[in-house]
Each structure stands twice: as structure tokens, then as C-alpha cells.
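Okay, here's what each chain looks like letter by letter:
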Amino acid sequence: MTRMRVLVTGMGGELGTRVAQLLEASTDVDEIAGVDFVPPRRRLRRAEFHRIDPKNRERLVAFVQDYAPTVIAHFGVYEPAARMGPAAAAERTELCTVAALSAAARAGSLEYVVARSGLEVYGRRVGVASVPDEAVPPAPGSPYGETLLRVEAMAAGMGRRQGIPVGALRYAPIVGSHVPSPLGRLLRLPAVPVSAFSDPPFSLLHPADAAEAMVSAIALRVDGPLNIVGPGAASPWQAVRLGGRVPVPVAPPLWGWASRVVELAGAAIAPHVVELLRYGRTGSGGRAAEVLGMSDVRPTQQVLQDLYEWAQVVPLVGGAEAVA
Amino acid sequence: MSPLRSADFGIDSDCIGAPESPSSSLRRRIGGRFPIDQFGFDPMLADLVTPLMRAVVRVEVEGAERIPAVGPAVLVANRGLGVWEPTALGVAVGRALDRRLRVVGAPDVPFLGGLVRRLGAVHSSPEDLGACLRAGHLVAVPLAPTWLGRGAGSPPLDLCAAMMGFTVFPVAVIPGGPLGTPILPWKVRIGPRIALDDSYAPGDPLGAAELGEVLRQAVEGMLAGEVPADPQQTTAGRAVRP
């Protein structure tokens, strides 16, 4: 029987680290290796981490070809305004996807690929489903949505050529205490821009559920796209008030200005976040519940409450003096 | 966990609850402590407006015992050009079963679309209808509107395809007064369950067309005063025992 060697791209991110930890606990996984341009966020016992920036294409290709993974958990998908600007995020995502997938295919041991994607691939426009399932044709309305769809297409194309199954997990926006998410950061500002003329529903996903879905997809070799969405939703006005923040209504022509002001306040927002605030973002997670057997995904309101409770950390007064 | 800290803030998304006092409601609204679902439905707001709806729209219901008390089901009903028929149906279902009704047909326009979604309207797409049913809701699907609300309009075939495999009932909503005026109570007549035979795969276009036609005929018959047969269950083209 082939030994299961898993490559986790983007292992330095919150999700990549969580997935590596879950894989370490699995007896079915023989080896785990990860790459990213930043180190993992927690201690890993069994997984090997290699600090390789996707911009260093030759090094990344050489490592992946040498490692010859049988499974790729592709988290090398970087959200704009999370840890880098939109252009750098799109560039790193593309470089990481192309290098890791093509090198793994050339190594010849690849059996399965599952890529991180998001509900951003559906976009939002008049006349289409507001709670899309996987049968709805993707039509992104933001550069990040287009990047995610390109990642899915590249992975699916590689899967067809290699004759292997390829999964794509279309996550609802993930926020949490340790997730560098532009939406999470925005919701924790004292005053938050919201749409003046709409208050559409959006779903949120807890990072632990996102990681668990990825590990289940690997175990079950899920083929094709899956929406990973928990029950319930929130709306921008309701979410902002739940956190005790002040909603600031923004008319459609002023979103460009609002984005700049918010960036000065310390929470850069990208077009996909503005799209969520104006048109909402949800999806039907029925197929994932059936296929992955995930019946206890945390509801959006719980994820939101966790996000706000974490923000109420009380700093230790005089801590600096004590250390000195 | 306190109801105000739980994910649904202590408000049932399927059963109508008693409205809270104005001061409590206001505090909750200001504090953001109310649930919203993926379709934009706001059960707390719906509970607040339900007494007003019941006061304005009076209804008499026949056959409500056929609707399941829990789980997904579709009510396919006639409608005119306004919103009276879906409103009367929502009031009827609420009175008879205390269940919330989601109505397919939210307009995709700013502000108005968002407002009616808060009260239970769902976007008119097969994907949204399917998601709503999979979530276990009771959903009303209107036939095409008819002039002055006379007769049953044509069935929406894409929506009929999405409801295959779920429990479906034809419903006639009959105005109490001439031209739908609220002089007398509306009559809401719920017919026996309609099911396709098992030979059709879910989403089969021919099956959807047959289901739609049987539903249209059933609604037309009930609007004309026919008393629906019971306890038999009607399938496309023939009647069988449940």
C-alpha cells in the first residue's frame, strides 16, 4: 500500500497549521510536510516545515518534486488585505498554485488534491441565487473571487490530466481570534462602514470547522467543489451592533472613500469585503453536510460572538515594568 | 448558555413566537441580539408584525391538518397581482400550525427586496428554494399571477423541478370580498398531498412539467369549489393510496 505523504501549502497560515495538527493525529498519514513564507503558528510535532516563499519558484519546485507528495492540501491561497496587499496576494497565490501542482504532478506519486476556495467564486448579481449550491455556475464579482476560481480551474485541469480526483472547498468567510482576516479586523473597529441601502445576510465559518472539513475531504477523497457553510447568518448592521460598535452608513458612490478611511484606521479592506457588506455572502452547505458528515458546524452567530469576546482581552497593567 | 448568548438568541426559526414588549424588542434591536438566517429572514421582526397581519387579514382555513407540523413542505397556491394571497396564506398557516411560512418571490431590488426577505420572502430561484427546503422550512410557491386573481396561473417549471422529492400540497386562496377586498375573511383551502411516482429522477424536466400541471389543475378545481378528495394521495396522472 502507498504511504500517504501529505504536502500542506500555506502551512504558516492559521488554517494550514490547524490542518497539519489534525493530520499529525491521524494514523493514516505517514508523512506531513509544509511550505510557506512564514513559519507555522503553533508547535508541530510530526510535520516538517520548510520556509519557502512562493516567489522563489525554483526552490519550491525542487522541494515538491523531491518530496513527491501523494496528497496536496493546498492552502497557498492568500486573501487580499489579510497579510499582504491585493497584488502581492494574487501573485503569491498563482505562483504557489502553479509551482506546487505542476511539480507534484511531475513527481508522479500524486493521488489527490484538495484546494482552499471560497464562496467569493459565486459573486452576487441580480437574478441569480442568493444561497447558491455547488450547481450554480461561478461568476466572481471581485478580484479575489477570480483568483479562487483560477486556483480551482488549475487544480481541476491538473486532475483531469493526471486522472486523479480534485476537491475544492468553497469556505464561507473565515474569521476567528487568530485568523488574519480583513473582515474580522473590520468588524472589530470602533466604527464600521455598512451599506446605507441594504443589510444583506452573510455567513461566517470558524477556522476549526474549516480545518476539519479539509481533513475529512482528504480522508474521503472528495471530488469537485463543496460549499463549507454553517447554519444561520448575520447582517452587517446586526453584527456591528452585536459587537457594540457603531455602524456608519455608506452610500454606493462613497465606498472607495470609506475603504481608504478604514485603511488609515488600521483595517485595510479589499473589494471582496465591500462586496460582502453590500450584497451579502452565503451558500448552501447541504452537500458538505451529507458528504463529509459535518452536522455540527458552528453557526455564524457563534463565530461572531467568539470574535468579539476575544477582542475583550484586558491588558495586564504594569506588565512592561514588571518585565523590566 | 443564556438565550441571549445562543446562536438563535432564544428565537425559534420555524415556530411563531409571542412578540416581546416594545422596550425589550428595542433593546434587542439596538444590541444586535436577534437572529437572521441565510435567506435574510428575521424571525424577531416577523413576530413583531404577526399580530398586525392577523388583525388586517382575516382568514378561514380548511385542510390545515394535512400540513406536517415539522419538516420541509411546499404549498403551491394561486395569486393575483398583489401580495394579498401570500399574506393570507402566511396568516392561515400561522394561525393553524404556529409555523412560519417562507414565500418564494422576493424581488431582487435594493431596499424593498431586503425588507420582504426580513419578513420571510425567498428569492425566486430553484437553488434558493432547494436550500430552503433542505433547511426544513415550510415554503409557499405561487403560481403565475392571474388578472384580478381569477383562476390558477401557469406553474413555474424550474421551481417545480426543485420541489420534486419534497412534500407538496396544492392550496387555493380565495378572496373574501369582490376583487380581493377584505370585507369578508379570506378562505384558504389546502388540498391533499401531490406526489410524482418514483420513476422520475429529481429535477427531471418532464416530471416537473407533470407535477406543475397536476398542481395547477388541483388549485383550479379548489378555486372552482371542488372539495378535494381525501385521504387519497394524488400523483401525476393518477390517484393512489398513501
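All values derive from a computational prediction rather than experimental measurement.

### Observations concerning the overall build of chain B
Along the backbone of chain B there are seven helices and ten strands. Within chain B, buried positions represent 42% of all 242 residues. A sequence separation of at least 24 residues applies to 71% of the contacts in chain B between residues at least 6 apart.

### Some words on the sheet that holds strand E5 (residues 112-118) of chain A
All names here are of chain A. Pairing within the open sheet is parallel, and its seven strands lie in the order E3-E2-E1-E4-E5-E6-E8. Either end of the sheet is taken by a strand with one partner, and the two such strands are strand E3 (48-51) and strand E8 (224-228). On average, each strand axis in the sheet is tilted by 20° relative to the strand beside it, whichever way the strands run. Packing against the sheet, helix H1 (residues 14-24) makes contact with strand E1 (5-9), strand E2 (31-36), strand E4 (71-74) and E5, and its axis sits at approximately 170° to E2.

### Some remarks on the interface of chain A and chain B
Contacts between chain A and chain B engage 32 residues on the former and 24 residues on the latter. In terms of residues, the side of chain A that touches chain B owes the most to one element, helix H7 (residues 236-242) of chain A, which gives five residues. Class assignment for the residues of the side of chain A that touches chain B results in 16 nonpolar, 13 polar and three charged.

### Thoughts on unusual backbone geometry
Although it is not a glycine, B:Phe9 adopts a positive phi angle of roughly 55°. Of note, the phi angle at B:Asp98 is positive, near 60°, even though the residue is not glycine.

### Regarding the domain arrangement of chain B
Residue and element names in this part refer to chain B. Each domain of chain B was delimited in the assignment, giving domain 1 (22-51) and domain 2 (58-240). A C-alpha centroid distance of 26 Å is found between domain 1 and domain 2. Taken residue by residue, the interface counts nine residues in domain 1 and eleven residues in domain 2. Its residues placed into classes, the side of domain 1 that touches domain 2 shows six nonpolar, two polar and one charged.

### Observations concerning the confidence of the model for chain A
Averaged over chain A, the pLDDT score is 92; the fraction of residues at 70 or greater is 95%. This model gives residues 318-324 of chain A a pLDDT under 50, and the stretch forms zero contacts once residues within four places in sequence are excluded.

### Some thoughts on the environment of A:Pro143
All names here are of chain A. With respect to the helices and strands, proline 143 occurs in helix H4 (residues 143-162). Along the sequence, proline 143 and tyrosine 308 sit 165 residues apart, while their C-alpha atoms lie 28 Å from each other. If we skip the residues at most four places from it in the chain, proline 143 touches Pro80, Pro86, Ala90 and Pro271.

### Comments concerning the packing of H1(A) against helix H6 (residues 207-220) of chain A
All names here are of chain A. In the contact formed by H1 and H6, the axes pass within 9 Å of each other and the chain directions differ by 55°. Between H1 and H6, the crossing angle belongs to the class labelled oblique. Judged by the sense of rotation from one axis to the other, the crossing of H1 with H6 is right-handed. Residues Glu14, Leu15, Arg18, Val19, Leu22 and Leu23 of H1 form the contact with H6, whose own contacting residues are Pro207, Ala208, Ala210, Ala211, Glu212, Met214 and Val215. Of the residues in the contact of H1 with H6, the class split is ten nonpolar, no polar and three charged.

Rules of the game
- Residues numbered from 1 in each chain as written.
- Chains lettered and ligands numbered in written order.
- Predicted model: local features only at pLDDT ≥ 70, side-chain atom pairs only at ≥ 80, totals over all residues.
- Helix = DSSP H or I, 4+ residues; strand = E, 2+ residues; numbered from the N terminus.
- Buried ≥ 20, exposed ≤ 12 C-beta atoms within 10 Å, placed from the backbone.
- Contact = placed C-beta atoms within 7 Å.
- Pairing = 2+ DSSP bridges.
- Axes fitted to C-alpha atoms, helices over the stretch in contact; angles between N-to-C directions.
- Nonpolar A, V, L, I, M, F, W, Y, C, P; charged D, E, K, R; others polar.
- Domains from an automatic or database assignment.
- pLDDT = per-residue confidence, 0-100.
- Parallel < 35°, antiparallel > 145°, perpendicular 65-115°, else oblique.
- Left-handed = near helix turned anticlockwise from the far one by under 90°.

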